[in-house]
Amino acid sequence: MAEEILKKIEKIVNEVQPDFSGDLKPEMNLRKDVGLDSLDVMSFFLELETEFKIKIPDSDFTENIFVVRNLIEYVEKAPRVS
Amino acid sequence: MNYGIEAIEYYLPEGETSSAELAHKFGFDQSFIEGKVGVKKLFLAAPEEFSSDLATKAVEKLFAKDPTLRETVDAVVVCTQTPDYPLPHTSAIVHQKLKLPSRVACFDVSLGCSGWVYGLSILQGFLRENQLSRGLLITSETYSKMIDPRDRDTKVLFSDAAAVTLVGRNGVLKSGRFTFGTNGNLHEHLIYRAKTGSASQEPRFLEMNGRGIFEFVGTEIPKDVQACLEANETHLDAINFIVFHQASSFMLETVARRMRLKADDKRFVKVIDRFGNTVSSSIPIALRSLWDTISSPNTKILVSGFGVGLSWASTILESSLERNQ
């Protein structure tokens with residue numbers, strides 16, 4: 001499950017940040033290691049919400065969620081919305 | 001009678017600021033402002049220059065090309081959310097400044113970035129219902145006066161401007177069916193209020209929830225575009241130009257991507273680099289900038305405005321054989 005989510009996150013990363021090359025690793029930080037700027041972040045999370053049918057409230061946007069491992073865990077636990 | 005757009009003019013105030021100045025002042029990389037926001041320069045109204053002044057100057061450009069308009073126009077609609085005063089309506093002030101006849105109907109419409117599309121439908125309906133000949137749809141905003149000077153997110157985005165769209169029976173561009181929408185639950189995403197959230201306290205500033213607006217545009221606008229295409233019994237492949245509200249380069253690219261358009265699709269019109277986000281004037285300014293091309297016969301243009309409210313509106317414009325400009 002986590003591996004499948006990682007692959008989907010990696011696909012979204014490649015869509016919104018074409019300059020990123022290489023494999024996405026669980027320990028990576030989306031801003032520091034992947035290079036998402038403030039606008040890329042909005043785009044990334046919009047695609048993520050669409051892909052996984054989840055809704056991430058503003059209150060959950062802590063530094064924690066930008067670490068891929070934590071994000072995978074968040075996606076696994078998040079309730080699906082229609 | 002099938003009314004349509006006969007001509008468009010716009011006015012940009014003389015005050016300007018460049019992406020280099022904005023980058024230096026607010027601590028951005030210039031490449032971020034030009035590349036992501038998409039802005040190379042913004043236009044700023046002078047302290048004593050208000051929406052009616054910008055509007056009047058835009059209309060005077062139109063009247064200079066056809067002086068008979070001053071005596072023949074039947075209606076003036078001003079779309080603005082930065083009126084000179086809470087009352088009277090800005091269109092009455094414009095009426096005075098333009099020395100228009102007393103028989104001219106004047107009223108304002110309070111909408112933001114969707115305002116031009118709404119306004120076009122409103123004015124065409126008003127003219128048709130009352131069997132009038134011609135009207136002016138004016139969009140005019142001075143957002144720079146509402147922005148907190150320290151707010152880097154909005155300071156690098158919005159530009160002051162006015163545009164006038166002449167609507168009449170000899171339209172070069174005729175609209176098809178319109179689609180409209182509102183999500184009032186999101187009205188706080190773009191709001192002018194005191195920092196405390198009170199509607200009555202001063203000072204007030206423009207507040208923008210960038211992520212909230214981005215999500216709204218990214219999810220709602222591709223759906224509305226599809227609905228508009230279906231309402232007009234056409235499809236995206238038949239559209240020659242796509243003119244969206246010029247929110248930001250990043251926003252436009254996101255909508256394009258979510259519409260499955262290729263990044264280099266030449267039909268997707270982007271002029272934000274030259275004008276900034278001019279709110280309700282961004283669509284008419286983009287249309288005017290491309291006038292010679294888009295007014296060629298049988299050209300279909302999809303237009304969509306979205307923003308404050310949050311609200312949206314789309315239609316398809318189709319050029320006819322006549323050329324007025």
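Residues numbered from 1 in each chain as written. Chains lettered and ligands numbered in written order. Predicted model: local features only at pLDDT ≥ 70, side-chain atom pairs only at ≥ 80, totals over all residues. Heavy atoms only, no water.

## Thoughts on helix H2 (residues 38–52) of chain A
We apply this condition: Helical segments are the DSSP runs of H or I of at least four residues, strand segments are the runs of E of at least two, and each set is numbered from the N terminus. Here the expected length of a helix is defined as 1.5 Å per residue gap, with one fewer gap than residues. Relative accessibility under 20% of the residue-type maximum defines a buried residue, over 50% an exposed one, and the middle range a partly exposed one, all with a 1.4 Å probe and only protein chains included. The contact criterion used throughout is that any non-hydrogen atoms of two residues lie within 4.5 Å. Throughout this description, a polar contact denotes any pair of N or O atoms lying within 3.5 Å of each other; where both atoms belong to protein, one of them has to be capable of donating a hydrogen while the other can accept it, and for residues adjacent in sequence the pair is counted only when both atoms sit in side chains.
Relative to the 21 Å expected for 15 residues at 1.5 Å per residue, H2(A) spans 21 Å between its end C-alpha atoms, a close match to the ideal helical length. In terms of residue burial, H2(A) counts as a mostly covered element, since twelve of its 15 residues are buried. Within H2(A), burial applies to A:Leu39, A:Asp40, A:Val41, A:Met42, A:Ser43, A:Phe44, A:Phe45, A:Leu46, A:Glu47, A:Leu48, A:Glu49 and A:Phe52. Here the buried face of H2(A) lies against helix H1 (2–16) and helix H3 (68–77) of chain A together with helix H2 (30–37), helix H8 (210–231) and helix H9 (249–258) of chain B. Here H2(A) starts with a cap whose side-chain oxygen sits 3.0 Å from the backbone nitrogen of A:Leu39, and that cap is A:Asp37. The first or second residue beyond H2(A) is A:Lys53, which carries a positive phi of 55°.

## Some remarks on the nonpolar core
We apply this condition: The term nonpolar core refers to a set of buried residues drawn from Ala, Val, Leu, Ile, Met, Phe, Trp, Tyr and Cys, joined through side-chain atoms within 4.5 Å.
B:Val217, B:Ile221, B:Leu236, B:Ile242, B:Phe244, B:Leu302 and B:Phe306 are the most contacted members of the largest nonpolar core, which has 50 residues in total. Elements represented by at least two residues in this core include exactly H2 of chain A together with helix H1 (19–26), H2, H8, strand E12 (241–244), H9, strand E13 (300–307) and strand E14 (311–319) of chain B. Here this core gets eight residues from one element, more than from any other, and that element is H8(B). Apart from residues lying up to four places away in sequence, B:Leu236 is in contact with B:Leu229, B:Ile242, B:Met259, B:Leu261, B:Arg267 and B:Leu302. Among the nonpolar cores identified, the runner-up in size contains 39 residues, and B:Phe43, B:Ala75, B:Val172 and B:Ile285 belong to it.

## Observations concerning the packing of aromatic side chains
Heads up, the rule is: Under the pairing criterion, centres of Phe, Tyr and Trp rings, with the six-membered ring standing for Trp, must be within 6.5 Å; the plane angle then separates stacked pairs below 30 degrees from edge-to-face pairs above 60, leaving the rest tilted. Each ring is checked for a lysine NZ or an arginine CZ that lies within 6 Å of its centre and within 35 degrees of its normal; such an atom marks a charge sitting over the ring.
Taken as a whole, this structure holds 14 aromatic pairs over all chains when the rule is applied. Measuring from ring centre to ring centre gives 5.4 Å for B:Phe244 and B:Phe268, while their planes differ by 75°; the resulting arrangement is edge-to-face. Within this pair, whereas B:Phe244 is found in strand E12, its partner B:Phe268 is found in the loop between H9 and helix H10 (272–275), the two being separated by 24 residues in sequence. Note on B:Phe244: relative accessible area 1%, which makes it buried. For the pair B:Phe244 and B:Phe306, a centre-to-centre distance of 6.2 Å together with 85° between the ring planes defines the contact as edge-to-face. Remark: B:Phe306 occurs in strand E13 and B:Phe244 occurs in strand E12; sequence separation between them is 62 residues. Accessibility classification places B:Phe244 together with B:Phe306 in one group, the buried group. Put simply, the rings of A:Phe44, A:Phe45, A:Phe61 and A:Phe66 touch in pairs and so form one group of aromatic residues. The side chain of B:Lys61 reaches across the aromatic face of B:Tyr10, ending 5.1 Å from its centre.

## Points about the interface of chain B and chain A
The following threshold applies: Note: buried area is the sum, over both parts, of the accessible area (probe 1.4 Å) each one loses when the two are combined. In what follows, salt bridge is the name for a side-chain nitrogen of Lys or Arg lying within 4 Å of a carboxyl oxygen of Asp or Glu.
Facing 14 residues of chain B, the contacting portion of chain A comprises 17 residues. Summing the contributions of chain B and of chain A, the shared interface buries around 1300 Å²; its carbon and sulfur component is 52%. Seen at the junction of chain B and chain A, the total is eight salt bridges. Of the charged contacts, one joins A:Glu47 and B:Arg258 as a salt bridge, the two residues approaching to 3.0 Å between their closest N and O atoms. Taken together, chain B and chain A are joined by ten residue pairs in polar contact (both at pLDDT 80 or more).

## A few points about the pairing of strand E6 (residues 134–141) of chain B
Residues and elements named next belong to chain B. The condition is simple: Two strands make a pair as long as DSSP finds a minimum of two bridges between them.
With respect to burial, E6 is a largely interior element, eight of its eight residues being buried. Residues Arg 134, Leu 136, Ile 138 and Ser 140 line one face of E6 and the alternating positions Gly 135, Leu 137, Thr 139 and Glu 141 line the opposite face, and both faces are buried. In the sheet, strand E4 (residues 75–79) pairs with E6 via five bridges, with the strands oriented parallel. Within E6, the position partnered with Ala 75 by the bridge is Gly 135.

## So, the pattern of salt bridges
This model, assessed by the stated rule, comprises 29 salt bridges over all chains. When the shortest N-O distance is used, the salt bridge between B:Lys36 and A:Asp40 registers 2.8 Å. Here A:Asp40 lies in helix H2 and B:Lys36 lies in helix H2, a pairing that spans two chains. Taking relative accessible area as the criterion, B:Lys36 reaches 21% and is therefore assigned partly exposed. For B:Glu60, the salt bridge identified is with B:Arg70, shortest N-O distance 3.0 Å. You can see B:Glu60 sitting in helix H3 (residues 51–65) and its partner B:Arg70 sitting in helix H4 (residues 69–72), a full ten residues away along the chain. Three or more residues are tied together by salt bridges with common partners; here these are A:Lys11, A:Glu15, A:Glu47, B:Arg257 and B:Arg258.

## A word on the confidence of the model for chain B
Under the convention used in this document: Confidence of the prediction at every residue is given by pLDDT, a number between 0 and 100.
Looking at chain B, the pLDDT average stands at 92 and 96% of residues meet or exceed 70. The ipTM assigned to the predicted complex is 0.72, against a pTM of 0.89.

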